[in-house]
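Understanding the architecture of this molecule
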Amino acid sequence: MVHVLAAETAVDTGLSAVSDNLVLAMIVVYAVALFCFVFEAAYGRRESLKGTRLVAVGASEGESEGLTVNLRAREPEAKASRHVLGRVGLGVTALGFVLSLAQIVTRGLAADRWPWGNMFEFVIAICLCGVAAFLFAAFRYKAHYLGAFVLVPVLLLLGIAVRWLYSESGPVVPALDSYWIAIHVSALIMATGAFMVSGSATITYLVAHSTETRRSLGEKVSGIAAKLPSPELLDRLAHRMIVLGFPLWTFGVIAGSIWADEAWGRFWGWDPKEVWSFITWVVYAAYLHARATAGWQGKKAAWISLVGFACLLFNFFGVNYLFSGLHSYA
Amino acid sequence: MRTALVLLFLLALGAIPGSLLPQRGVSVEQVQNYFLDNPDLAPWLDRFFLFDVYSSPWYAAIYLLLFVSLAGCVLPRAAAHYRLLRAAPPRTPRRLDRMPYSATLSTDAAPEEALRRARTLLKGYRIADHGDSLSAETGYLRETGNVVFHLALLGLLVSLAVGAFFGYRGNTLIVEGDGFANTLPSYDAFHPGSAVDPSGIQPFWLRVDDFDASFIEEGDLSGQASSFSADVTYREGPDSPERTHVLEVNHPLEVDGAQVYLLGHGYAPTFRVTDADGQVVFDQPVPFLDRGTANLTADGVVKVPDIAPEQLGFTAVFLPSAASGENGDLVSDFPDARNPVVVLKGFRGDLGLDSGNSQSVYQLYTEKMEEIGDSPALAPGDSWELPDGSATIEFTGYRDYVSIQVTSNPARVPALTAAVAAVLGLLCTLFVQPRRMWVRAGTGGDGRTVVEIGGLVKTEGAASLRRFHELATQLNQELREPGSADPGVEKE
Ligand code: HEM
C-alpha cells in the first residue's frame, strides 16, 4: 500500500490571480452595458425593426420585379425601443463576453483542468452561455432589446458567485475527474444559458402582453412598459431559445447518466439532482407540447416555461444547498 | 395531447416528494433515521409509499398511463406517417392564393418551361407532376423524428423495467490483499431484481492487490482526495485465465456482463489478541467505517470469540492522522494515515454470536457483556493489557480496504440505444421544417404564361416562408432572363 501525497497543489497562482481580476472586470463591463440597455429601453424611440419582416412584401426591387406576393397571415409588426446607446451596449456586452471567455480559459489553465468543477465556475460558465445566447439572438433575430433583461440576471448571478460561491481554483474530487465533465456539464451549461435568455424574454413577454392588452382597451400606457418590444416577437424568441436549449438539456442529462453509469455504477438512481433535472426536462417538454396544442399558446405556455425556469434555478441552487446527494460540489 | 400534458405535469409533480424525503432505493439508513426523528409522521408517509416514490404503485400508474397515452398517440401517427412516406405529395389545390405564402408572376416562357425550371429549383423536394402543375414536399424527417423520439421514450421505459427485473446490485468491502468471489455470501448488501436467481450470478473472482490514494496537502482544499486507484487481479470464471485491471473512480471493471465499481475506501486496522497463556487467539484486519467526516475518523468493532473463559469485544475509533483538538481531545486532522491512532473500549461476556440471530459485524451487542475500561491511544505496535489481565490486544498496523459495488443490468445497452435515438429524433423534430409547395403554370388572358406558386408550412417560424419567397424570386429571375424561353441556348 502506498499513499501518494500530492507534493504541491498543481495551481498556477499567477494565472489564477489574473482570472480572479477578470471576474471583477467582467462585472464592471456588464454593468456599463446594462446601463446602456436600460437607457435605450427608457429613452429610445419605439420603432419597427428592420430585417425581422420575413418577406419584404410588395417591394418590387429589381429581382422580384413582376412577382406579386400574397401572405395569408400578415406578420405582426415587430417594434422595439431604439437608441444609439443600445448599439454601444451591444459592443460593451461583446467585450464582457471576451473577458468572460478569457477568465474561463485562464482559470482552466491555472488548475490544468476543465474549468467547471464547482458552483463558482458553473455560475461563470452559465453567464457566459447566457450572454452568448443573447449575442446570438441580438445578431440573428435583432433582439438586442433583450439586453437589460439578460444582463440583470447575469449580474445578479455573478454577484452571488463572487460574494458567496467563490472558491480557489484547484483540482476537483476524483469523481469529477473525467472527460465526461466536458461533455455533460458543457451541454447543461449551454442549455441553461439558452433557458436563461428564454426566461427573461418570457417575463418581458408577459409584461408586454398586458401592456398590449391595456393599449388595445384604449388605455394610455406610459413609461418603460410602453416601450417594450412587441409581445409576438418576445414570444417567438422565447420559444426559439427553448428549442435550442431543450435538446441540449436532453443530451446533457443522457450524457450525465452515461457518466453516472461509469462513476457510480448506475445510470439513474433518483439522486435529488437527477430528479430535478428530470422535472425540469418534463416541464419544458410540457411547454413544447403546450405550444403545439390549441388553446395553450401564449400566456399559458409562457407560464409553463417560467415554471420550467424555476425548476432549473431550484435544481441549481436549492438542490445543492438543501439536499445531500452524490452531486455535492457546493 | 391535453391528457399527455396533464400526465406530464403529474409525472413532474410526483417526482418532487422523492427528492424531499429520503428514499430506500438511495439510502436505507437515511430512511431509518427519518423514522426515528419523526415517529408519528413517518408511518403515514410510508403508507403512501413516500419513501419508495419511484417504485410506488401511484408513480407507476402515472407513467404507465402516460405511456399508454403515448403509445395510443404515436402508433397511429407512425402508421399515418408510414403511409405518407410512401405516397406522392398531395395534389395541387385549386386556389393557391389561400396558402400562407402565395405568389404569381407572368413570363414569356412556355408553361412547360416554367414547370421544368421550377422542378430543377426544388432540390430536395419530392415532386409529383399533374400536367399543368406540380406539387412538392420536403421535410419528412420532422415527423419521422417525432415518431422516433416518442417511440424511443417507450423503449427507454421498457429498458428500465427490464433492468429492474433482471438486474442486481451488491456492495461489499475488500481489504487490500484479499479476494472476492461473486456469490451471495460475499456481499454486505445485495439487491436483486425480482427475476434474478442469486445462486446463478456470474461466477467471477477478483483480488485487490494494491490500493493508492492521494490527497491535496495544502491550501483551502487540503485533505480533499485527488485520486484513488486499486490494482486488481480477476478471473471471469473458475477456468479462465487471470487478468489485471486498474480500478478507479470513473474506470470500472467489466467482467462477464457485470461492472465492478470502486466507490470508496477506508482503513482496516489490524489487531492481534493474546490470551493470558500467551496464545494468539485473534490476528486479522478489521474494516472500520468512516463517520462521513472529511478526515476519515472511523469506527469499528473487534469481536474476539475464541477466548476462554469469557469472550471479548471492543468498540474502537481509528484516527488516521491523530492530533490534539481544540478541547484537548484527540481528532484526525488529515485523511491520510500520517499518524494512525486507535482508541479501544473493551467488553467482556457473551458476544451473542451463537444466538442464531444474524449480527452486523459493525455493531457490538453488549446486552450480555460488561465494560472493562478504555485503552490509552495506541499507535501501531502498541499493546494494551486489559485491566483484568485476561488478555493483551496489540494494534499491529492497518491495511486499506476498498468498498466496491457490483452491478449487472442487461438493459444498459438497450437503454443507451433508446436514449441516443431519442436525442436524434428530437433534433429532427425540432429543427427540420416540413414544407409543401405547388407551382401551376397556364396561359393567361394576355397570352403570356401565368405562374402561380403556393407554399404551406405547418410549423411555427418565419424561416420557411422566407424559403418560399427565395424560390419564387429565383424562379421569377430565371424566367425573365433573356433566352430563358429557349431551353436549347446555353447561358453565357
Ligand atoms: C415524457 C413524455 C414526453 C415528452 C418528453 C415529449 C416531448 C415532445 C416534444 C419535445 C415534442 C416536439 C414539440 C414541437 O413540435 O415543437 C413533442 C411533440 C409531440 N408529442 Fe410529445 N412528448 C412526451 C409524451 C407525449 C405523449 C404521452 C404524447 C401523446 C399523447 C405526445 C404527443 C406528442 C405529439 C402529438 C407531438 C407533436 C406536436 C407537433 O406536431 O408539433 N407526447 N413531444
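All values reported here derive from a predicted model rather than from experimental measurement. Every chain begins its residue count from 1, and numbering advances along the sequence as written. Here the convention is simple: chains get letters from A, ligands get numbers from 1, in the order in which they are written. The predicted nature of this model means local features are confined to residues of pLDDT at least 70 and side-chain atom pairs, given and counted, to a pLDDT of 80 or more, with totals for whole chains, interfaces and linings taken over all residues. Hydrogen atoms and water are omitted, and side-chain values are computed over all heavy atoms in the structure.

Section: the coordination of the iron atom of the ligand
The rule for donors is simple: an N, O or S atom within 2.8 Å of the metal counts, and for Na, K and Ca the reach is 3.2 Å. Water is not among the atoms, so a site may look short of donors. In this structure, His289(A) (NE2) and His150(B) (NE2) serve as the protein donors to the iron atom of the ligand, at separations of 1.9 Å. Tetrahedral means four donors with every angle between 85 and 135 degrees, whereas square planar (four donors) and octahedral (six donors) require angles over 155 degrees between opposite donors and between 65 and 115 for all others; sites fitting neither are termed irregular. For the iron atom of the ligand, the 6 donor atoms in the first shell make angles of 87 to 178° at the metal, so the coordination geometry reads as octahedral. With His289(A) in helix H7 (residues 272-291) and His150(B) in helix H6 (residues 140-166), the pair connects residues from two separate chains. Residue His289(A) is classed as buried on the basis of its relative accessible area of 18%. Exposure classes here rest on a 1.4 Å probe applied to the protein chains alone. A residue is buried below 20% of its type maximum, exposed above 50%, and partly exposed in between. The exposure class of His150(B) is buried, given its relative accessible area of 11%. The helix and strand labels rest on DSSP assignments: H or I over at least four residues marks a helix, E over at least two residues marks a strand, and numbering proceeds from the N terminus.

Examining helix H3 (residues 119-140) of chain A
Residues and elements named next belong to chain A. Multiplying 1.5 Å by the residue count of a helix minus one yields the expected span of that helix. With 22 residues, H3 extends 31 Å between its outermost C-alpha atoms, agreeing within 8% with the 32 Å of an ideal straight helix rising 1.5 Å per residue. With 18 of 22 residues buried, H3 is to be regarded as a mostly interior element. Of the residues trailing H3, Lys142 is marked for its positive phi of about 55°.

Let's talk about the UniProt feature "transmembrane region" (unreviewed entry) in chain B
Residues and elements named next belong to chain B. UniProt positions are given in the numbering used here, feature names are shortened, and annotations may be inferred rather than shown by experiment. According to UniProt, the feature "transmembrane region" (unreviewed entry) maps to residues 58-76 and 147-168 in the numbering used here. With 100% helix and 0% strand, the stretch residues 58-76 has end C-alpha atoms that lie 28 Å from each other. Secondary structure across residues 147-168 comprises 91% helix and 5% strand; the distance between its end C-alpha atoms is 32 Å.

Quick look at the site of the ligand
Whether a residue is near a molecule or strand is decided by its heavy atoms; if any one of them lies within 4 Å of it, the residue is near. Taken together, 20 residues are adjacent to the ligand, and His289(A), Cys73(B), Arg77(B), Arg142(B) and His150(B) come closest. Proximal residues around the ligand fall on chains A and B, making this an inter-chain site. One of the side-chain nitrogen or oxygen atoms of His289(A) is found 2.7 Å away from a nitrogen atom of the ligand. A distance of 3.0 Å is found between an oxygen atom of the ligand and a side-chain nitrogen or oxygen belonging to Arg142(B). Elements with a minimum of two residues in the shell around the ligand: H7 of chain A together with helix H1 (2-20), helix H4 (57-86) and H6 of chain B. Within 3.5 Å is the distance limit for a polar contact, defined as a pair of N or O atoms, with the added protein rule that one can donate a hydrogen and the other accept it, and that residues adjacent in sequence qualify only through two side-chain atoms.

Quick notes on the sheet that holds strand S13 (residues 289-290) of chain B
Spatial ordering of the open sheet is given by S13-S14-S15-S18-S19 (chain B), a layout of 5 strands whose pairing is antiparallel. The sheet terminates laterally at S13 and strand S19 (369-374) of chain B, the two strands that pair on one side only. At least two bridges found by DSSP between two strands are what make those strands a pair.

Quick look at the UniProt feature "transmembrane region" (unreviewed entry) in chain A
All names here are of chain A. In this structure's numbering, the residues bearing the UniProt feature "transmembrane region" (unreviewed entry) are residues 22-43, 84-104, 116-138, 145-166, 178-208, 241-260, 275-294 and 301-323. Span residues 116-138 is 87% helix and 0% strand, its end C-alpha atoms 27 Å apart. The straight-line gap between the two end C-alpha atoms of residues 241-260 is 28 Å; of that span, 100% is helix and 0% is strand.

Regarding the interface of chain A and chain B
Of the residues lining the interface, 71 residues belong to chain A; the matching set on chain B comes to 79 residues. Accessible area that two parts lose when put together, with a 1.4 Å probe and added across both, is what the buried area reports. Summing both sides of the interface, chain A and chain B together bury roughly 6,400 Å²; the carbon and sulfur share of this comes to 64%. Should a side-chain nitrogen of Lys or Arg be within 4 Å of a carboxyl oxygen of Asp or Glu, the pair is scored as a salt bridge. Summed over the shared surface of chain A and chain B, the number is 1 salt bridge. The partner of Asp261(A) in a salt bridge is Arg412(B), with the nearest N and O atoms 2.6 Å apart. Elements represented by at least two residues in the side of chain A that touches chain B include exactly strand S1 (2-5), strand S3 (67-71), helix H6 (231-263) and H7 of chain A. Side-chain classes are defined by residue name, with Ala, Val, Leu, Ile, Met, Phe, Trp, Tyr, Cys and Pro counting as nonpolar, Asp, Glu, Lys and Arg as charged, and the others, Gly among them, as polar. Broken down by class, the residue content of the side of chain A that touches chain B amounts to 45 nonpolar, 17 polar and 9 charged. Two residues qualify as a contact provided that any one of their heavy atoms is within 4.5 Å of a heavy atom in the partner residue.

Here we look at the nonpolar core
Ranked by size, the top nonpolar core spans 126 residues in total, and within it Phe134(A), Leu146(A) and Val154(A) carry the most contacts. Among the elements that line this core, the one with the most residues is H3(A), at 16 residues. In this structure Val154(A) touches Tyr30(A), Cys127(A), Val131(A) and Met196(A), once residues within four positions along its chain are discounted. By nonpolar core we mean a set of buried residues, namely Ala, Val, Leu, Ile, Met, Phe, Trp, Tyr and Cys, connected to one another through side-chain atoms within 4.5 Å. The next biggest cluster of nonpolar side chains, apart from the first, holds 29 residues, and it includes Phe190(B), Val208(B), Phe228(B) and Ala258(B).

Some details on the domain arrangement of chain A
Residues and elements named next belong to chain A. Residue ranges for the domains originate in an automatic or database domain assignment. Along its sequence, chain A is organised into domain 1 (12-44 + 79-172) and domain 2 (183-329). Domain 1 and domain 2 are separated by 20 Å when their C-alpha centres are compared. Listed as interface residues are 31 residues of domain 1 and, on the opposing side, 28 residues of domain 2. A buried area of about 2,600 Å², summed over both sides, lies between domain 1 and domain 2, and 79% of it is on carbon and sulfur atoms. Our count for the domain 1 to domain 2 interface comes out at 0 salt bridges. The tally of links from domain 1 across to domain 2 stands at 1 residue pair in polar contact (both at pLDDT 80 or more). For the side of domain 1 that touches domain 2, the elements supplying multiple residues, two or more each, are helix H1 (13-43), strand S4 (79-82), H3 and helix H4 (147-165). With 11 residues, the single largest contributor to the side of domain 1 that touches domain 2 is H3.

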